[in-house]
Structures are given as structure tokens and as C-alpha cells.
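# Architecture and fold: a report
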Number of protein chains: 2
Amino acid sequence: MSLRMAVLGLLAGLGPASGYDLTQRFDASLAFVWYAQHSQIYPELNRLAAEGLIEVAQEGPRGRKTYAITPAGREAVTRWLQHAEPAPTRRNEGALRAFLLPLLDPAEAVKVLQREAAFYAERVRELQNLRGLADSAPHRFGRHALELGIRQMTAIREWAEWAAQDLAGGTEEVAEKTPESSESAER
Amino acid sequence: MSLRMAVLGLLAGLGPASGYDLTQRFDASLAFVWYAQHSQIYPELNRLAAEGLIEVAQEGPRGRKTYAITPAGREAVTRWLQHAEPAPTRRNEGALRAFLLPLLDPAEAVKVLQREAAFYAERVRELQNLRGLADSAPHRFGRHALELGIRQMTAIREWAEWAAQDLAGGTEEVAEKTPESSESAER
DNA sequence: CGTATCATGTAAGCCGTTACATGATTGT
DNA sequence: ACAATCATGTAACGGCTTACATGATACG
């Protein structure tokens, strides 16, 4: 369902496009939101056209077919936006690792969490950069999504920092085997 | 990969269990983290046993087989925890809707966002409740994951509120800012 | 004796990934 | 002429969902 909506949405928001163009739009605008390859996009375009939600607006060189959204397609996407009920993801690899983290020695877990925090700090920086340049058309289109991404990744970063401190604090109170572990748990 | 790690992790952290038990553990402990049905779990158990990462520890009535993790299995899961690199989800239906939201009239979009905010506020309340009762063994095991869930859902709730105001505020006001870090998951 | 729960599986079908495959046009 | 890029597909395979299927035991 979501792939179709992503395709319809890109056609509705940014205008007619070929499968090739859409592949690039997915990559440029939707990369962190709904990832898709051309091998998924082309068949989906054919299905959407067969169902009348999009139509071939132009044919160009090299067999290029430019698709445009139809009124039916536009209605499908707006209805979906209004009526789809929010559902938190039920599969989250990061959260799974968080859940299983107590299986590691605290010192090891802290290291993992620090790497995680650093990773997400970097991601947040990247997205904030994008926000700076956000006056180009495709970015303006995704302004709210960008903001959501920043907030979600910031939340993960903060969690990782909290959890690392939580674990480090826990180890200090317990008798320690190695003198280095207090060092690695600092911060 | 993650399904196996979830199974191995549950066996490592909460002790030996049958497929039936594991189905319930997934449901009770891992519901918001890594969802799985028995139809996925049983075949995975057979594969894991074939590879020597788990073994049948006991056979009971009704064909019940209790599995225990092996040293090889324990190593596999701890190695995964240490070496898996963090990767933000590349498919997020909520973020996709956020991205496409400008396709709606602002008034409609605001309604959607308010429903979203209410939904996540409720979810956060549920999880905070769990945190209150969190001294039972399975919950203690997932304490960090619970905290992560609360923070992530709070971030979404706050985003939805921000976006709703942003849209309601309309075209004249341009200045808005994102809090660098919100005191979302306070205890 | 019947119902709920325990307990384990299989099958069809969809969605997504990776790799394979082909050819046209543009630019150097 | 050659490479890069434009452009569209198909196929094999794996993971997940839903539904089908079966039978044993406990308990009231």
C-alpha cells in the first residue's frame, strides 16, 4: 500500500515523471522515508496505470513513458492521508538491540551505546544541513518529514546517551575487576 | 537476521522455552520491538537447531519441545549486538505521510496531525504505565527498550503538535524553531 | 463430554532485494 | 568509437502475513 502512495504522492506533488525520474525522486527526496528501487517502481507503475490511478501522459525517446496522476489517483492518495490510522512500527532493529543489550557486559554495552549516539548525532547534523538549504522545491515538499526525522533521530541519540550513563553509573557501584572499566565508562 | 537474534536473545535472557512459550514472549515483551507470529517462529527454531545455535533441552507432553541456547548461539547474539551497525529505518509509513501531508488542504492536514498527536500521547501513556510496573523479570529485561519507545513516541507526538501549529499558523509567520533537545522522557 | 488451551506445523501469496538483461541516445 | 547515462524491464530468492490444518491435554 505505501509504495503506491509514495508513487502517487510524488506524481501529485512534483508533477508528471517517468519511472526513471521517479527512481531518482525516491532517492533524492524520499530516501529516509520510503526507500524503493527501480525494480519495484516499474511494475508498480504498470499496475497503477492498469487501475487508472495514473496514465501515460507522454512518450519520449528510448521508450520513455511519462506518467501523470489521474483524478482517481489524487483522490486515492488524499483519502489515504486522511484515513490511514497511525501505527507505530512493530519492527525496529535498533529497539531490538536496545532490548537485548543487557546480554552484554555493561562495559561492552556502553561502548555500543556510545557508537550509536555518535552515529545518530552525525545523522542529525546531516539533516539539519538539509534544513538549511531547504528552499529548493523538493525539499520544501518534505519540510515536515525532515523535521520529523530530526526529532526522531535526536530522540534516539539522547536515549543512547542516557542509557550509556545509566549503565556506567550501575557499574561504578558494583565492585570492578579492571581499573580500565571506570575509564571507559566515564562521561 | 533480526528474527533469529530476537529468538536467540529471548532464550539467552529469559531461559529455555518452547515455540509456544516464545510466541507469548514475543507478544508480551517484544510486541513493540520485533513482532512475530508462531508461523514464523517454529520454522526459525528448526533452522536454528539445525545450525547448532539452539538445542532441544526437554521434550514434554503434546509434542512440546523446550529449546535452550547453545554456547555458539550465545556467541552469535553477543557478536551481533556488538558489531551490527546502527541503521535508521529506511521505510517509515508515518514519515511518508508527513512527507505527503502538503497534498492536503492545511485545515485537513491539521486534523490528521491532531489525531496523530492524540494517538501517540495515548501510546506514551501506556508505556509509562508499563514503566511503573517494571520490576517484574521480563520488564526489567526490556527497561532500556521501553525507555527508547517512550522517547521515540514522545518525539512523534511533539512533532505532530509542532506541525499542526505550523500549519494552523499559516503562511504569514515564517519563524519557527526546533528544540535542540526536548525534555521528553522525564521521570 | 465439551470447551479452552496447549502445541506444532504447512501453504499460498505478497512484498522486497539482488542480480540479470537489453537497448537507445548523448557527448567526447 | 566508446563511455556514460537514459530507460525499462524480468527472475530468483527470501521474509512475512494470513489462513489452513491437526491433534493432545486439562478442567469443569
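Quick note: structure is the one above.
One structure accompanies this document, and this report is about it. (Residues numbered from 1 in each chain as written. Chains lettered and ligands numbered in written order. Predicted model: local features only at pLDDT ≥ 70, side-chain atom pairs only at ≥ 80, totals over all residues. Heavy atoms only, no water.)

### Overview of the interface of chain B and chain A
Opposite the 75 residues of chain B that make contact, chain A presents 71 residues. Between chain B and chain A, roughly 7,100 Å² of surface is buried when both sides are summed, and carbon and sulfur atoms account for 64% of that area. Of all residues in chain B, L81, F99 and H144 of chain B bury the most surface against chain A, accounting for 11% of the area lost on that side. Counting across the interface, chain B meets chain A through 2 salt bridges. The salt bridge involving R143 of chain B is made with D166 of chain A; its shortest N-O contact spans 3.2 Å. The tally of links from chain B across to chain A stands at 18 residue pairs in polar contact (both at pLDDT 80 or more). (Contact = heavy atoms within 4.5 Å. Buried area = accessible area lost by both parts, 1.4 Å probe. Salt bridge = Lys/Arg side-chain N within 4 Å of Asp/Glu carboxyl O. Polar contact = N/O pair within 3.5 Å; in protein donor to acceptor, adjacent residues only side chain to side chain.)

### Side note on the protein's contact with DNA strand C
Among the 17 residues in the neighbourhood of DNA strand C, the closest are listed as Q40 of chain A together with Y20, H38, Y42 and R91 of chain B. Of all atoms in DNA strand C that approach within 4 Å of the protein, 66% are sugar or phosphate atoms. At 3.5 Å from a phosphate oxygen of DNA strand C is found a main-chain nitrogen or oxygen belonging to G19 of chain B. Within the residue set of the surface near DNA strand C, elements represented by two or more residues are helix 3 (38–50) of chain A together with helix 2 (19–29) and helix 3 (38–50) of chain B. Sort the elements by how many residues they give to the surface near DNA strand C and helix 3 of chain B lands first, with 3 residues. Split into classes, the residues belonging to the surface near DNA strand C amount to 4 nonpolar, 8 polar and 5 charged. (Near = heavy atom within 4 Å. Helix = DSSP H or I, 4+ residues; strand = E, 2+ residues; numbered from the N terminus. Nonpolar A, V, L, I, M, F, W, Y, C, P; charged D, E, K, R; others polar.)

### Things to note about the pairing of strand 2 (residues 65–69) of chain A
Residue and element names in this part refer to chain A. Judged by how many residues are buried, strand 2 sits mostly within the fold: 4 of 5 residues are covered. As paired strands, strand 1 (residues 54–59) and strand 2 are joined by 5 bridges and run antiparallel to one another. Across the sheet, the residue bridging to E59 is K65, located in strand 2. Count of turn residues in the strand 1/strand 2 antiparallel hairpin: 5 residues, of which R62 carries a positive phi of about 60 degrees. (Buried < 20%, exposed > 50% of the residue type's maximum accessible area, 1.4 Å probe, protein only. Pairing = 2+ DSSP bridges.)

### Here's the deal with the packing of helix 4 (residues 71–83) of chain A against helix 5 (residues 93–100) of chain B
As a packed pair, helix 4 of chain A and helix 5 of chain B sit with axes 10 Å apart at the nearest point and diverge in direction by 120 degrees. In terms of axis orientation, helix 4 of chain A runs oblique to helix 5 of chain B. Of the two elements, helix 4 of chain A crosses helix 5 of chain B, and the hand of that crossing is left-handed. Contacts from V77, W80 and L81 of chain A of helix 4 of chain A reach helix 5 of chain B at E93, L96, R97 and L100 of chain B. By residue class, the composition of the contact of helix 4 of chain A with helix 5 of chain B is 5 nonpolar, no polar and 2 charged. (Axes fitted to C-alpha atoms, helices over the stretch in contact; angles between N-to-C directions. Parallel < 35°, antiparallel > 145°, perpendicular 65-115°, else oblique. Left-handed = near helix turned anticlockwise from the far one by under 90°.)

### Some details on the protein's contact with DNA strand D
Every one of the 17 residues lining DNA strand D counts as a neighbour, but Y20, Y42 and R64 of chain A together with S39 and Q40 of chain B are closest to it. Each atom of DNA strand D within 4 Å of the protein was assigned to sugar, phosphate or base; sugar and phosphate come to 67%. Here a phosphate oxygen of DNA strand D sits 2.8 Å away from a polar atom, N or O, in the side chain of R64 of chain A. Measuring from a phosphate oxygen of DNA strand D, one finds a side-chain N or O atom of R91 of chain A at 2.9 Å. Sorting the residues of the surface near DNA strand D by element identifies helix 2 (19–29) and helix 3 of chain A together with helix 3 of chain B as the ones contributing at least two each. If one sorts the elements of the surface near DNA strand D by residue count, helix 3 of chain A sits on top with 3 residues. Its residues placed into classes, the surface near DNA strand D shows 4 nonpolar, 8 polar and 5 charged.

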